[in-house]
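Spelled out, the chains give:
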Amino acid sequence: MRIPLASVVALLVGAALLTAPSGRVRAQDTGFDLGGAVRLNHGWKDYDPIDPSKSDLELVRVDLQCARGRFICSAQYRWYDGFSAVHHAWVGIAPTPDQQVRVGVLQAPFGLLPYASHSFWFGSGYYLGIEDDYDLGVAWTHESEAWRGDVALFASDEYGTGREDGRYSFDVATTLQHPFRERERLVGRIERTIESDTWTWRLGGSLSLGEVERRPDGRRFDHHAGALHLEAVRGPLELEAQWARYDYDVPGARIALTAFLFPFEIAARADVLTANAAWTFEPAGWFDAITCYNDYSTTRASGPGQADSVQNVTGCSFAKGVMFTYVDWITGRNMWFVGGPGIGLDAPERDRWHSRLNINVGFYF
């Protein structure tokens, strides 16, 4: 596998940075910061009559951060049940305090950041590859008190192939019916922060322009996406809203994505609407903080063999020292991760709602 090698390279480069001349050193430049996490999971599904309840070790991960003068790096590798995968692995430079340039496997700056959700499950956009997506490329970020701008150019997905199903973020899959893979993609994002007496508003827009390649003949097809996003914060209250549209201009009305060992089909083009609300209690008795939320998202698809998909997550997260716990109730209709056949696809039981309860206890070091 190529990705473990990329993680090793990130570690070696980080070590080299620590021994290089420091240049301009900031207060937080302390060298290596090694950490990780262990997460335990218990879930119950109303759509699995054979094995409705399951408890397991969900995740083990290792994190690395480094800084030396203007140079920075970050990497994270994860072990799940049945596979392991890179989360991110990049090195960069901060030429000024408000700018960064990073190269490696890094997050695509698209939509609400760091992701359009509060729950363990993320929103519909995550399973469509437009939320918390990590690919191989280079990115520039400029951030001031009022503005943030991002531009990124990606050469491919993080593995460079659509045939690798053991991955964290969702990318185009190479399957027998849909033999595509991701190619070059340009992503831009801009966000404006507005402060009032009681509210903080973040308004922005994102645009992604790229291509996918059909493996047998090398022919390329356009892939583009756009989003408008809003975040509003007033004390303990946080509101999020986002409209996004993606379009794979491929023959037919479907394309395949893959992650977590399971390729599946989605509508080749659709609108994705997100509306989230959260309230944080801090402090909250024995806990350092409790955040309760409702994250709603829907994928609106129309055309031959297509139908809408809906996902809603209601839950709370509990923080205490190194421990962080999610308790989520996820419901979905025609939604892949809640018993559906895919996302945005027409199916005989598309109008049925399915649910699952999930409790995830993590220890972060």
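Preceding this section is the structure that the text describes.
Here is what the cut-offs are and how they apply
Residues numbered from 1 in each chain as written. Predicted model: local features only at pLDDT ≥ 70, side-chain atom pairs only at ≥ 80, totals over all residues. Heavy atoms only, no water. Phe/Tyr/Trp six-rings, centres within 6.5 Å; stacked < 30°, edge-to-face > 60°. Buried < 20%, exposed > 50% of the residue type's maximum accessible area, 1.4 Å probe, protein only. Lys NZ or Arg CZ within 6 Å of the ring centre and 35° of its normal. Core = buried A, V, L, I, M, F, W, Y, C linked by side-chain atoms within 4.5 Å. Helix = DSSP H or I, 4+ residues; strand = E, 2+ residues; numbered from the N terminus. Contact = heavy atoms within 4.5 Å.

A short note on the packing of aromatic side chains
Moving on, step 1. Counting across every chain of the model gives 29 aromatic pairs.
Moving on, step 2. On the numbers, 5.4 Å between centres and 85° between planes, the contact of Phe120 with Trp121 is edge-to-face.
Moving on, step 3. Classification of Phe120 by relative accessible area gives buried; the value is 16%.
Moving on, step 4. You can call Trp121 buried: its relative accessible area is 3%.
Moving on, step 5. On the numbers, 5.9 Å between centres and 65° between planes, the contact of Tyr246 with Tyr248 is edge-to-face. Tyr248 matches Tyr246 in its accessibility class, with the two residues each being buried.
Moving on, step 6. A cation over an aromatic ring shows up here: Arg78 above the ring of Tyr168, its NZ or CZ 4.7 Å from the ring centre.
Moving on, step 7. Its guanidinium or amino end placed over the ring of Trp286, Lys320 lies 5.0 Å from that ring's centre, counting from NZ or CZ.

Quick look at the nonpolar core
Moving on, step 1. In this structure, Tyr127, Tyr246, Tyr248, Val250, Ile266 and Ile343 are the most contacted members of the largest nonpolar core, which totals 59 residues.
Moving on, step 2. A total of five residues in this core trace back to one element, the largest contributor, which is strand S4 (residues 83-93).
Moving on, step 3. Excluding residues within four positions of it along the chain, Tyr248 makes contact with Leu128, Val172, Val212, Asp222, His223, Ile255, Leu257, Ile266, Ala268 and Arg269.

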